[in-house]
Amino acid sequence: MWDYCGHALETARLRRATYADVRVMHMRQRDLTTKNGLVGTLGQSESLGLGIRVVANGAWGFASTDALTRQGVAACAAKAVAIAKASALAKKENVHMAPEAAYVDSWQGPCLKDPFEIPLETQLELLLAADAAIRGVKGVTLSETDMQFRKIDTWFASSGGSKIHQRRVISGCGIVATCFQGDAIQKRSYPNSFGGQHILGGYELIESLELLKHAPVTAEEAVALHSAAQCPEKTGTLILGGSQLGLQIHESVGHPIELDRVLGQEANFAGTSFLTLDQLHHLQYGSSIVNVVADARAAHGPGLGTFAYDDEGVPAQCIDVIKDGQFRGYLSSRETAHLIGLERSGGTMRTEGWNRLPMIRMTNVSLLPGPWTLNNLIADTDDGILMETNRSWSIDDRRYQFQFSTEIGWEIKGGKKARMLKNPSYSGITTEFWNSCDAICNAGHWVLWGTPNCGKGQPMQTMGTGHGAAPARFCKVKIGTAFSRE
Amino acid sequence: MSAKKTMPATATLQKTVLGEQLRSERELRAIVATVLRLAKSLDIEETEVHVEEVIDELTRFANNTIHQHMAEHGLTVSIRTAVDGRTARVTTNRMELDALRTALEGSLSLAASQPKDPGLLPMPGKQSYRAVRRFVPATAVLSAEHRARAVKHVCELAERNGQVAAGIFESGQSQTVLGNSRGLAASYRQTQAEFSVTMLHGSAASWAKANSADVRRFDPLSLAKIASEKANRAQNPVELPPGKYTVILEPAAVLDLAGFLFYDFAATAVEDKRSCFSERLGKPLLGKNISISDDVYHPEQLGAPFDGEGMPRQRVVLVDEGVPRNLVYSRRSAKKAGKKPTGHGLGLPNEFGEAPMNLVIEGGTSSLEEMIASTDRGLLVTRLWYIREVDPYEKIMTGMTRDGLFLVEKGKIGRAVRNFRFNQSILEMLRNVQRLGPAHRATGEEAFEMVVPPMKVGNFQFSEVTKF
């Protein structure tokens, strides 16, 4: 693979590219699903190719190919240079990149049990057993389970002298029980909705989830939701479960801090951000107990945003995003770092595959834990609603106004978890919401949740991001608007 | 080895730089034949081979300059085997004989490792297809330089108007060849071009977009002028209270909202009781002025005339004057329901069954101008954003207005309005349609392209307002 990298870089140099970086990626994937006791999807795929990004005439060009021959690679590199020269027709200024040292390294993410080495029969047997356990609950009209595994090898080389190989294994799994009754559809998912939990790791994730233990409870809750009271419409106290809070962080902190959005580079599609450059170090983003980091280092945990080097060859870092409630940092790249006074990139450039450009993406954007246990937090809440497991999410294109709904809610009365509520939802304005946070649960409740489906860019790239969160409490939140018919 | 010696022949490089072209259909058919021969030599009961080639180039601009500019060229082969009521798929982009053999054997191994599926049907035999012509050479030859020059003109327009332009200009071509061991052979190729532009004027913004097989069907500069004029008008928005408003939805807004209905028309979704049409077929559900079909043969549609198994796509009337009448069927769901397959099956194996990919909502005769002129008080909506399902059976969707929301008063467009969040049932919306414009191919960001009309809708529910 290094030969292909070297040949691409040399071709770019000969064609007068002033900078080039190249990624050869080998991506393998296995997808398994079941539905109502039958195997649904059963497939594997692999994709091997090369993408090269160059600066020529002061502008960017990128080309990719799966023709991994010397001729194919050279043609691809030449095309990238030609595209860069076309880009220069409409350039304002030359590309400027923050300096970065050259690294020669090889890194492998955590993976105790290679999921591709686990017999498929074992994996299907578990999913079908969980599927059966869901259907064993009367009233369930649809049972679904899924597993997804990926193994990604990346060989990165740059004209700056870096040569980095990384291997990342990603595993994901989830189950869903759906119940159609009367004029409503209710569902419950475990351990999270929209595909379950995903980590940088191996089959050990699946074994830790105890699917067979949780399947009946998940199914019973889906059926019980039909008899539950409707979530009231009011302004009140809200406690968010960890996985829902993870998505709240993703949408209302992770995306607004992407510097490419802030600079208008995503204005046509993903949108911009309310976090204009003048807000840095000035905006009170949240209450004083809110601390958020963007941490790609392995020490943060096996998240979907964990790596050793980003796709520009910049080492993984931990960035303070919100410190004691104050806005402290953006996600940056080599091209954007100088715009916020940084001498080097924050190391957040990531690509979906060999045929896509790296772009600024979330790493693991996590809310640091507080001192509370969940029991103490509930006991401390006189009147509130606990909401768990995302059902829908939406936020405006500058990341101010959001609305989320969850699969299930629980009334909190007099410090105790009371009746179940159906169709819970809440909404608000990002900074008002985070400033209303008055309690965060401790490290014992903290989970690094994986969001495997973050979409951004044109052409669209899907990326996995990590979000560590423990349950937390928010005050004076607008609740129940999604189902209001007034 | 010296650098010079490692360079390929100049002629090859020139061809690549000036514009790559798809391989011949014969080359792709040869890959299918190779896999089928290998399968026969391994005595595999049934084999299906799907070869797909994609060339795509995209020029992306923001802040009145090109900031990303990419090209990709990929070829994949996807192999499905079926043995004794078991099936599985393996996909690879490696075309060496050994890699194809490994993929084939991998598929066989996956298939064998699962329980027997009593509902799995034998693969279909030879089919005949209605011809569609969706490959336009003018699109296929579009170069990076051509796109860059068009973008430059758009950026110059923005600068002249004191605005900032962002967007994409994309052109591409693709082909697919499908064959199986029972003699089915299908092929299709198309081109596609897309231009999307956002014009930012201070803190205001507006947007325009077009998508077609033929790049000559739209003019980037004209689209940029539309977005520029609307962005100018979108400045200094007033805040209105949330509530129920009469709305005039431009085609992109209709598409991105109504497009979320597509999977509800799948027979498998109804069978699984997750469709909003479960237990509602044959009953009046939408307004009498609403008729919806799926029609891949509509002249403004794109897409192959066959489905994931190679069955010919049929035109299906889904909603007739407000009454949901029919669903789309794969071979499997058709057999279960005692119906004929409609050619909408997804590639097997999958749990979703089928889906209509070429919806056409029948239009009317009202122009956008007539809709505005007939409105005493309402809102003109350019597009909607971040739409998600809140309630699957009532089909309540939430999302935001974006890039140009305007007050309409006494038949005229007035002030810009701050963006709203909506929580609106699509079914209810399609009962409240007061006027329909002519239906054309529309393109947005939430749903894939369809043929839809602009609509004037009463009692559209906005629940909250944002800060811009």
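Parameters at a glance
Residues numbered from 1 in each chain as written. Chains lettered and ligands numbered in written order. Predicted model: local features only at pLDDT ≥ 70, side-chain atom pairs only at ≥ 80, totals over all residues. Helix = DSSP H or I, 4+ residues; strand = E, 2+ residues; numbered from the N terminus. Rg over C-alpha atoms; globule rule 2.2 N^0.38 Å. Buried ≥ 20, exposed ≤ 12 C-beta atoms within 10 Å, placed from the backbone. Contact = placed C-beta atoms within 7 Å. Domains from an automatic or database assignment. Nonpolar A, V, L, I, M, F, W, Y, C, P; charged D, E, K, R; others polar. Pairing = 2+ DSSP bridges. Axes fitted to C-alpha atoms, helices over the stretch in contact; angles between N-to-C directions. Parallel < 35°, antiparallel > 145°, perpendicular 65-115°, else oblique. Left-handed = near helix turned anticlockwise from the far one by under 90°. pLDDT = per-residue confidence, 0-100.

Chemist: Any chance you could explain the overall build of chain B here in plain terms?
Modeler: In terms of helices and strands, chain B carries 12 helices and 19 strands. Since a compact globule built from 468 residues should have a radius of gyration of about 23 Å, the 25 Å found for chain B is in line with a globular shape. For chain B, the spread of C-alpha atoms along the three principal axes comes to 75 × 65 × 35 Å. By residue count, 56% of the 468 residues in chain B fall in the buried class. For chain B, long-range pairs separated by at least 24 residues make up 73% of all intrachain contacts whose partners lie at least 6 apart in sequence.

Chemist: How do you make sense of the domain arrangement of chain A when you look at a structure like this?
Modeler: Many descriptions give the size of an interface as the accessible area lost when the pieces come together. All names here are of chain A. Looking at chain A, the domain boundaries give domain 1 (2-227) and domain 2 (230-483). Computed from C-alpha coordinates alone, the two centres of domain 1 and domain 2 are separated by 21 Å. Residue composition of the side of domain 1 that touches domain 2, grouped by class: 20 nonpolar, 18 polar and nine charged.

Chemist: How should the domain arrangement of chain B be read in this particular structure?
Modeler: Residue and element names in this part refer to chain B. Taken domain by domain, chain B holds domain 1 (17-216) and domain 2 (236-468). On the side of domain 2, 24 residues touch domain 1, which itself brings 33 residues to the contact. Listed by contribution, the elements that provide at least two residues to the side of domain 1 that touches domain 2 are strand 3 (86-92), strand 4 (164-180), strand 5 (185-201) and strand 6 (204-212). Top element by residues in the side of domain 1 that touches domain 2 is strand 6. It accounts for seven residues. Across the side of domain 1 that touches domain 2, the residue classes tally to 14 nonpolar, 13 polar and six charged.

Chemist: I'm lost on the pairing of strand 18 (residues 401-413) of chain A in this one. Help?
Modeler: Look at any regular strand and the pattern is simple: side chains alternate between the two faces of the sheet. Residue and element names in this part refer to chain A. Where burial is concerned, most of strand 18 is hidden: 11 out of the 13 residues are buried. Relative to strand 18, strand 17 (residues 383-395) is paired through 11 bridges, and the arrangement is antiparallel. Residue leucine 386 lies in a different strand from strand 18, and its bridge partner there is tryptophan 410. Connecting strand 17 to the next strand, strand 18, in antiparallel fashion are five residues, including arginine 399 with a positive phi near 70 degrees. Bridging between strand 18 and strand 19 (residues 416-422) involves four bridges; their strand directions are antiparallel. Directly across from lysine 413, in strand 19, lies its bridge partner lysine 416.

Chemist: Looking at this structure, I do not really get the packing of helix 3 (residues 120-135) of chain A against helix 5 (residues 211-224) of chain A. What am I missing?
Modeler: If you want to describe how two helices pack, look at the angle between their axes and the distance between the axes. Residue and element names in this part refer to chain A. The geometry of helix 3 relative to helix 5 is characterised by a closest axis approach of 8 Å and an angle of 30 degrees between their N-to-C directions. Comparing the axis directions of helix 3 and helix 5 gives the class roughly parallel. In this structure, the crossing between helix 3 and helix 5 has a hand that is right-handed. Residues Leu126, Ala129, Ala130, Ala133 and Ile134 of helix 3 pack against Leu211, Leu212, Ala215, Pro216, Thr218 and Ala219 of helix 5. Split into classes, the residues belonging to the contact of helix 3 with helix 5 amount to 10 nonpolar, one polar and no charged.

Chemist: Any chance you could explain the environment of Glu407(A) here in plain terms?
Modeler: Turning to its location among the elements, Glu407(A) is positioned in strand 18. Between the alpha carbons of Glu407(A) and Met387(A) there is a distance of 7.8 Å; along the sequence they are 20 residues apart.

Chemist: So what exactly am I meant to see when it comes to unusual backbone geometry here?
Modeler: A negative phi angle is the norm for most residues apart from glycine, just as the trans form is the norm for most peptide bonds. The peptide bond linking Gln458(A) to Pro459(A) adopts the cis configuration, its omega dihedral lying at 0 degrees. With respect to the helices and strands, the residue Pro459(A) is situated in the loop between strand 22 (447-456) and strand 23 (461-469). That bond from Leu348(B) to Pro349(B) is cis: its omega, -10 degrees, falls within 30 degrees of zero. Relative to the helices and strands, Pro349(B) is located in the loop between helix 10 (331-337) and strand 11 (359-361). Although it is not a glycine, Asn64(B) adopts a positive phi angle of roughly 60 degrees. Relative to the helices and strands, Asn64(B) resides in the loop between strand 1 (46-62) and strand 2 (65-83). Even without glycine at this site, Lys410(B) takes up a positive phi of about 50 degrees. We classify Lys410(B) as exposed; it has 9 C-beta atoms within 10 Å.

Chemist: Help me understand the packing of helix 1 (residues 2-14) of chain A against helix 2 (residues 70-87) of chain A, please; the structure alone is not making it clear to me.
Modeler: Residues and elements named next belong to chain A. Between helix 1 and helix 2, the shortest axis-to-axis distance is 8 Å and the interhelical angle comes to 40 degrees. In terms of orientation, helix 1 lies oblique with respect to helix 2. The two elements helix 1 and helix 2 meet at a crossing, and its hand is right-handed. Side by side, helix 1 and helix 2 meet where Tyr4, His7, Ala8, Thr11 and Ala12 of the first sit next to Arg70, Val73, Ala74, Cys76, Ala77, Ala78, Ala80 and Val81 of the second. The residue inventory of the contact of helix 1 with helix 2, partitioned by class, reads 10 nonpolar, two polar and one charged.

Chemist: What is the right way to read the confidence of the model for chain B from this model?
Modeler: In low-pLDDT segments, the atomic positions of the prediction should not be examined closely. Residues and elements named next belong to chain B. When pLDDT is averaged along chain B, the result is 95; 96% of the residues meet or exceed 70. Within the model, the stretch residues 1-18 combines pLDDT values under 50 with 24 contacts to residues more than four positions away or in other chains. Taken together, the chains of this predicted complex give a pTM of 0.96 and an interface ipTM of 0.96.

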